[in-house]
Amino acid sequence: MKNNSVLQAFVVLTLGLMPLTTPQAFLTPVLAQSDVAQTRAAITTENDRIFVHSLIKSSLLSLNQANQTQDYSVLRKLGSPGFQMRNTEQDLSRIFRSTREANLDFTAVTEYEPTFTSQPMLNAENNLLVTGYFPTQPQINFELAYQLINGTFRIDTLTIGIGAQ
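About the cut-offs
- Residues numbered from 1 in each chain as written.
- Predicted model: local features only at pLDDT ≥ 70, side-chain atom pairs only at ≥ 80, totals over all residues.
- Heavy atoms only, no water.
- Phe/Tyr/Trp six-rings, centres within 6.5 Å; stacked < 30°, edge-to-face > 60°.
- Helix = DSSP H or I, 4+ residues; strand = E, 2+ residues; numbered from the N terminus.
- Buried < 20%, exposed > 50% of the residue type's maximum accessible area, 1.4 Å probe, protein only.
- pLDDT = per-residue confidence, 0-100.
- Contact = heavy atoms within 4.5 Å.
- Core = buried A, V, L, I, M, F, W, Y, C linked by side-chain atoms within 4.5 Å.
- Salt bridge = Lys/Arg side-chain N within 4 Å of Asp/Glu carboxyl O.

To continue, consider the packing of aromatic side chains. In this structure the tally under the stated criterion is three aromatic pairs. Seen in terms of ring centroids, F51 and F153 are 5.9 Å apart; in terms of plane orientation they differ by 50°. Their pairing is tilted. Highlighted residues: F51 in helix α3 (residues 46–69) and F153 in strand β6 (residues 152–162), separated in sequence by 102 residues. By relative accessible area, F51 is classed as partly exposed at 42%.

As structure tokens, this is what we get:
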């Protein structure tokens, strides 16, 4: 990761209007109140753990490639229909401008395992909710929601924060 004075301050970049806060706040925009009680652990086997870790890393690497090429079309296409409706390619470029201009590079996540600040959960519709960080320098914080569409998890919300905790 490139060290830059911009990284001295905590930067939060959000898609889907979801703040980087507590796990309960993370669940609120994604789940109806009655659905919260219907969540269940997303990681119950080693295969689940590998899959969830790979999905998170893949999402961050897709964002990294979009920032490097300034082409957000693939990142947008990897999103759920709702994500695509909420975000044009121009929106994504604007949202991630500060990360791009700071030359942040997320490829280090390939060498680290994510640390979860709350247990990854599946809701009643099998949508995956994850929040945590990668212990990189600087630390990469994330909150992601994936919508299950035709057997594939697609990005529904992508929130990235950079900074030490």
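This paragraph deals with the confidence of the model for the protein chain. Averaged over all residues, the pLDDT of the protein chain equals 81, while 76% of them reach at least 70. When pLDDT is averaged over each helix and strand of the protein chain, the minimum, 32, is found for helix α1 (residues 23–30) and the maximum, 97, for helix α4 (residues 73–77). Every residue in residues 1–35 scores below 50 in pLDDT, and together they form 83 contacts with partners more than four places removed in sequence or on other chains.

Right, let's get into the nonpolar core. If you look at the biggest cluster of nonpolar residues, it comprises 30 residues, and the most contacted ones within it are I56, L75, L128, Y146 and I160. Counting residues per element, the ones that place at least two in this core are α3, α6 (89–95), β4 (128–134), β5 (140–149) and β6. With six residues, α3 is the largest single contributor of residues to this core. Once residues lying within four places of it in the same chain are set aside, the contact partners of Y146 are L55, I56, S59, N127, L128, V130, F153, R154, I155 and D156.

Further remarks concern the pattern of salt bridges. Taken as a whole and judged by the stated rule, the model has six salt bridges. Note that R94 and D91 form a salt bridge whose closest N and O atoms lie 3.4 Å from each other. Of the two residues, R94 and D91 are both situated in helix α6; the distance of three residues between them amounts to about one turn of the helix. Residue classification places R94 among the exposed positions, given a relative accessible area of 54%. Put simply, R97 and E101 hold a salt bridge, and the shortest N to O gap is 3.4 Å. On the criterion of helical spacing, the pair formed by R97 and E101 is a turn pair, its members being four residues apart in helix α7 (residues 97–101). Look at the salt bridges and you will find they share partners, linking E46, R49, K57 and E113 into a network.

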